[in-house]
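Here is how the chains run, residue by residue.
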Amino acid sequence: MKILIKDCYLCDLLRDSGVTTGDVAVEGNRLLKVGGEGELPLGWKPERVIDGKDHLCLPGLINCHTHAAMTLLRSYADDLPLMHWLEKKIWPMEARLTGDDVYWGTLLAIVEMIESGTTTFSDMYFFTDRVAEAVEVSGVRACLSRGLIGIGDSAEQGLEESRELLEKWQGAADGRISIWLGPHAPYTCPPDFLDKVLTLAQDYRAGIHVHVAETKDEIEQIAREYGKTPVAYLSERGVFRFPVLAAHCVYLTEEDIETLAAAGAAVAHNPESNMKLASGIAPIPELLAAGVTVGIGTDGASSNNNLDMFEEMRTAALLHKVNKGDPQVLPASQVLSMATRDGARALRLDDLGLLQPGYKADLILVNLNEAHLHPRHNPVAHMVYSARGGDVETVIIDGRIVMEGRKILTIDKERVLAEVEERARRLLS
Ligand SMILES: N[C@@H](CCSC[C@H]1O[C@@H](n2cnc3c(=O)[nH]cnc32)[C@H](O)[C@@H]1O)C(=O)O
Ligand SMILES: [Zn+2]
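The name an unreviewed UniProt entry assigns to the protein is 5-methylthioadenosine/S-adenosylhomocysteine deaminase, from the organism Thermacetogenium phaeum. The UniProt entry for the protein carries this comment under Function (unreviewed entry): "Catalyzes the deamination of 5-methylthioadenosine and S-adenosyl-L-homocysteine into 5-methylthioinosine and S-inosyl-L-homocysteine, respectively. Is also able to deaminate adenosine." One UniProt comment on the protein, placed under Sequence similarities (unreviewed entry), says "Belongs to the metallo-dependent hydrolases superfamily. MTA/SAH deaminase family."

Structure below.
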């Protein structure tokens, strides 16, 4: 479809040159014209015109790390440290989830994400074929991995399911779905199991999405078992020969940071999950200084407890300022870039995360007609420090209008809420 958004505010994150106003033209799933950049062919006529006045147009936000269906476990187990939370609460409950539960829980997450301006998410969960179905019907973009745990009896099954996903879903839904491999963490993936994961990565040229160095416990456990850091353990197995998305990276040595930088690995920073589980503070300024690509993620809704990337941006900025005792750390434009352009790079999605002609048409319109977004001294800073997910008015993904006037057009939201309520009740009984 040909869409013209008229007279919106635009910011150029590439040049950080402030905010201008102009039109945005979309044709098919691509941006054709953005403000003064790009050309409309002679006689080009839009099929849809959207009034962009008093709205800021941004690239869709990219949630680099989540477990979407964990919306089902939102506030089921709070105020616990990671290992206790996982082993005593979450994993026993997850063992009861069915494929249908995961489908509806994922749809709930997608509703929440679209309503708060997220157009792409990177997921690690199970029943991933059902996650893919939810992505397909909802119109969102996603990188999906089947979480792989190498201890216990589901190890081989997880590998087999990953192979099936790579065969069936890689590039599916008009290219909106990518499949990654998801070895859960160093402490759940012994060396011989990691080797099998890497063989699969080699065969299918797939990337690796893994939790790394999340807690002090993990550092101690991996040191006890292997005499090295989690990053060194993964490195020695050859994990960093592949595209890597490393979630958390809270505890890193200088050498670990060098390893990540040299390998071109990307980090998914999840400040709210790290704060809520009291895991610690990731050395994000150090990673950025070393040239590592850092995206932002919410982690699952059971350790956050929402999927609002506006909140996550604000938390990221504030956390590192107070931690370093330096308000100049992580300025707003850099944080917005982490949630858009850098997120796209972390997920190895080309032509995404910037408003530039030729890029994929994933964009959001944020309504600036709210008290907390006035006056408009600096709309970019507003996005990080003042805006909320609920300010997002319109969402376009892959050139398709997925939400307009805050109404989601692809999913029956009432049905999703009802299904999830009923399933959550059954899970507890
Ligand atoms: N449990 C699955 C495989 C793992 S999927 C990804 C897993 O990561 C878990 N998870 C969620 N948040 C975190 C976190 O912050 N750190 C480590 N694991 C997490 C989540 O509960 C889920 O079990 C199975 O039975 O096959
Ligand atoms: Zn996680």
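A.B. asks: A description of the domain arrangement of the protein should follow, citing residues and the corresponding values.
C.D. replies: Annotation of the protein at the domain level lists domain 1 (2-59 + 361-408) and domain 2 (61-346). Placing a centre on the C-alpha atoms of domain 1 and another on those of domain 2 gives a separation of 28 Å. Listed by partner, the interface residues are 22 residues for domain 1 and 24 residues for domain 2. Mapped by element, the contributors of at least two residues to the side of domain 1 that touches domain 2 are strand 5 (55-59), helix 15 (379-385), strand 15 (392-397) and strand 16 (400-404). Sort the elements by how many residues they give to the side of domain 1 that touches domain 2 and helix 15 lands first, with 5 residues. Of the residues that constitute the side of domain 1 that touches domain 2, the class distribution is 16 nonpolar, 1 polar and 5 charged.

A.B. asks: Describe the packing of helix 4 (residues 155-169) against helix 6 (residues 191-204), and please don't skip the residues or the numbers.
C.D. replies: For the pair helix 4 and helix 6, the least separation of the axes is 11 Å and the interaxial angle reads 10°. Accordingly, the angle class assigned to the pair helix 4 and helix 6 is roughly parallel. Contact residues: Ala155, Leu159, Ser162, Arg163 and Leu166 in helix 4; Phe193, Lys196, Leu200 and Tyr204 in helix 6. In the contact of helix 4 with helix 6, the residues fall into 6 nonpolar, 1 polar and 2 charged.

A.B. asks: Quick one: what's the story with the UniProt feature "binding site: substrate" (unreviewed entry) in the protein, residue by residue and with numbers?
C.D. replies: The positions UniProt marks with the feature "binding site: substrate" (unreviewed entry) are Glu94, Arg146, His184, Glu214 and Asp299. Take arginine 146: it is sitting in strand 8 (residues 141-148). Among residues more than four places away in sequence, those in contact with arginine 146 are Phe126, Thr128, Gly158, Glu161, Ser162, Leu165 and Gly182.

Rules used in this analysis
- Residues numbered from 1 in each chain as written.
- Chains lettered and ligands numbered in written order.
- Predicted model: local features only at pLDDT ≥ 70, side-chain atom pairs only at ≥ 80, totals over all residues.
- UniProt positions renumbered as here; feature names shortened; annotations may be inferred.
- Domains from an automatic or database assignment.
- Contact = placed C-beta atoms within 7 Å.
- Helix = DSSP H or I, 4+ residues; strand = E, 2+ residues; numbered from the N terminus.
- Nonpolar A, V, L, I, M, F, W, Y, C, P; charged D, E, K, R; others polar.
- Axes fitted to C-alpha atoms, helices over the stretch in contact; angles between N-to-C directions.
- Parallel < 35°, antiparallel > 145°, perpendicular 65-115°, else oblique.

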